[in-house]
Amino acid sequence: SERLGPRPTMRLPPTSVTAAKSPAGTIDERYLSFCVDLGMIAQPTRFWNPEGSGETVGKRPPFDFSRPRLRRLCGALSPAYLRVGGTEADRVYYALEQRGSQPPPPAPAGYGTVVTGGQLIAMGEFAREAGLEISLTLNAGWGSRAGSAPRPDGSAGAWRPDQAVELMRFAEEHSIPISVYELGNEPNAWPLFHSPPLFVTPESYTADLAALAAVRDVEAPAARLSGPGTAFWPAIGEVPTLLLPSLLRRRLPRLASSFLPRLAAASAAAEAGGAPSPCRADILSWHYYPALSDRSPLARAHPAAPPAAAL
């Protein structure tokens, strides 16, 4: 649109696909799944503004898992995973003792929104009735690091598992079918979405993942771990590459580049050194953005580098 300026363009090499006579492999029947953003559940809710000017905060009621028609429609898509995550996952506080329909009290310092125990129970009932397994993104933001000293590599303090432990026990007690826990959402973009900027290197994220694995082994041994859920553009690369022109024009927070390759190297090195808990996720996740909405400020950035090699 004219408001956002000229749309960036990029010419990509032609791609051809040849179908083999026999399948090269099979995928899990739950591979094609879907998501509910935590911004639609946590209170105050955070929705995209349909007019395109940022977000609306607290103006819509939280997501209603009790709708019969929604349950029937989602049941037709099962078996599948229901991912509950998004940017808000790293701001949310789990008020597990809150069960009623009244709005929860404000989130504690370091957190931005609240998910109640009643909402989590409703989410679990919805998933069980629809035949879904839940993949839940755990808070790895500032609130989950309160009291931890900054690390030598410049990262924020170590992730603390206190709330994750309570959540896993709550899920077990109420039969909430969470089969995957993901540590944070898009850590390579944290400095851009959190205030003050939250910076964690891939190497420090590896240590945080090991801490989560140790908790999972005790509290939810059947669950798998997912991560790092980085943001990635197929022809541009990760967030630092995308924003390079802006970096040259003005000061932006420190960003970690090559997050996935560095994470893999750090995980392998830690395990080779005899780390007590697994330092790699059971499921490697990243967020593939083949296009951007005009509502996104990143749509204004022009490509700064040739197409990135596939990871």
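Our subject in this report is the structure included herewith. Computed from a prediction, not measured in an experiment: that's the story for all the values here.

Peptide bonds are mostly trans, and most non-glycine residues show a negative phi. The omega torsion across Gln43 and Pro44 is 0°, close enough to zero to call that bond cis. The residue Pro44 is located in the loop between strand E1 (34-37) and strand E2 (46-48) in this model. Phi at Ser175 takes a positive value of approximately 55°, unusual for a residue other than glycine. Secondary-structure assignment places Ser175 in the loop between helix H3 (162-173) and strand E8 (178-183). Look at Ser175 and you get partly exposed, because its relative accessible area is 46%. Here the phi dihedral of Ser258 falls at roughly 50°; this positive angle occurs in a residue that is not glycine. Within the secondary structure layout, Ser258 lies in the loop between helix H7 (244-249) and helix H8 (259-272). Classification of Ser258 by relative accessible area gives partly exposed; the value is 39%.

Attention now goes to the packing of helix H5 (residues 202-219) against H8. Between H5 and H8, the shortest axis-to-axis distance is 8 Å and the interhelical angle comes to 55°. In terms of orientation, H5 lies oblique with respect to H8. In this structure, the crossing between H5 and H8 has a hand that is right-handed. Contacts from Pro202, Glu203, Tyr205 and Thr206 of H5 reach H8 at Phe259, Arg262, Leu263, Ala266 and Ser267. Classifying every residue of the contact of H5 with H8 by side-chain character gives 5 nonpolar, 2 polar and 2 charged.

It is worth spelling out the packing of aromatic side chains at this point. Counted by the stated rule, this structure contains 5 aromatic pairs. Look at Phe65 and Phe126: their rings are 5.3 Å apart centre to centre, the planes differ by 55°, and that puts the pair in the tilted class. Of this pair, Phe65 sits in the loop between strand E3 (55-57) and helix H1 (68-75) while Phe126 sits in helix H2 (residues 117-130), and the two are 61 residues apart along the sequence. Residue classification places Phe65 among the buried positions, given a relative accessible area of 3%. Overall, the relative accessible area of 2% leaves Phe126 in the buried class. Ring-pair connections join several aromatic residues into one group, and the members of that group are Phe63, Phe65 and Phe126. Of note, Arg60 hangs over the ring of Phe47, and the distance from its end group to the ring centre comes to 5.3 Å. Stacked on the ring of Phe63, the Lys or Arg Arg67 has its end atom at 4.8 Å from the ring centre.

Moving on, we get to H8. Because each turn of an α-helix spans 3.6 residues, side chains separated by three or four positions end up pointing in the same direction. Between its terminal C-alpha atoms H8 stretches 20 Å, which fits the 20 Å expected from 14 residues at 1.5 Å a residue. Of the positions making up H8, those classed as buried are Phe259, Leu260, Leu263, Ala266 and Ser267. Burial along H8 is one-sided: seen end-on, the buried residues are contained in an arc of 125°. Facing away from the buried side of H8 by over 90 degrees, the exposed positions are Ala269 and Ala272. Buried residues belonging to H8 abut H5, strand E9 (224-233), strand E10 (237-238) and strand E11 (283-288).

Turning our attention to the pattern of salt bridges. Oppositely charged side chains are able to pair whenever their charged atoms sit close together. Counting across every chain of the model gives 14 salt bridges. Here Asp28 ties to Arg30 by a salt bridge, and the two come within 2.7 Å at their closest N and O atoms. In this structure, Asp208 engages Arg151 in a salt bridge whose closest nitrogen and oxygen atoms are separated by 3.0 Å. Here Arg151 lies in the loop between strand E7 (132-138) and H3 and Asp208 lies in helix H5, a separation of 57 residues in the sequence.

The alternating pattern of strand E6 (residues 113-116) places Thr113 and Val115 and Val114 and Thr116 on opposite faces, both of which are buried. Across 4 bridges, strand E5 (residues 92-95) lies against E6 in parallel orientation. Across the sheet, Tyr94 pairs through a bridge with Val115, a residue of E6.

The rules behind the values
- Residues numbered from 1 in each chain as written.
- Predicted model: local features only at pLDDT ≥ 70, side-chain atom pairs only at ≥ 80, totals over all residues.
- Heavy atoms only, no water.
- Helix = DSSP H or I, 4+ residues; strand = E, 2+ residues; numbered from the N terminus.
- Buried < 20%, exposed > 50% of the residue type's maximum accessible area, 1.4 Å probe, protein only.
- Axes fitted to C-alpha atoms, helices over the stretch in contact; angles between N-to-C directions.
- Parallel < 35°, antiparallel > 145°, perpendicular 65-115°, else oblique.
- Left-handed = near helix turned anticlockwise from the far one by under 90°.
- Contact = heavy atoms within 4.5 Å.
- Nonpolar A, V, L, I, M, F, W, Y, C, P; charged D, E, K, R; others polar.
- Phe/Tyr/Trp six-rings, centres within 6.5 Å; stacked < 30°, edge-to-face > 60°.
- Lys NZ or Arg CZ within 6 Å of the ring centre and 35° of its normal.
- Expected span 1.5 Å × (residues − 1).
- Arc of directions from axis to C-beta.
- Salt bridge = Lys/Arg side-chain N within 4 Å of Asp/Glu carboxyl O.
- Pairing = 2+ DSSP bridges.

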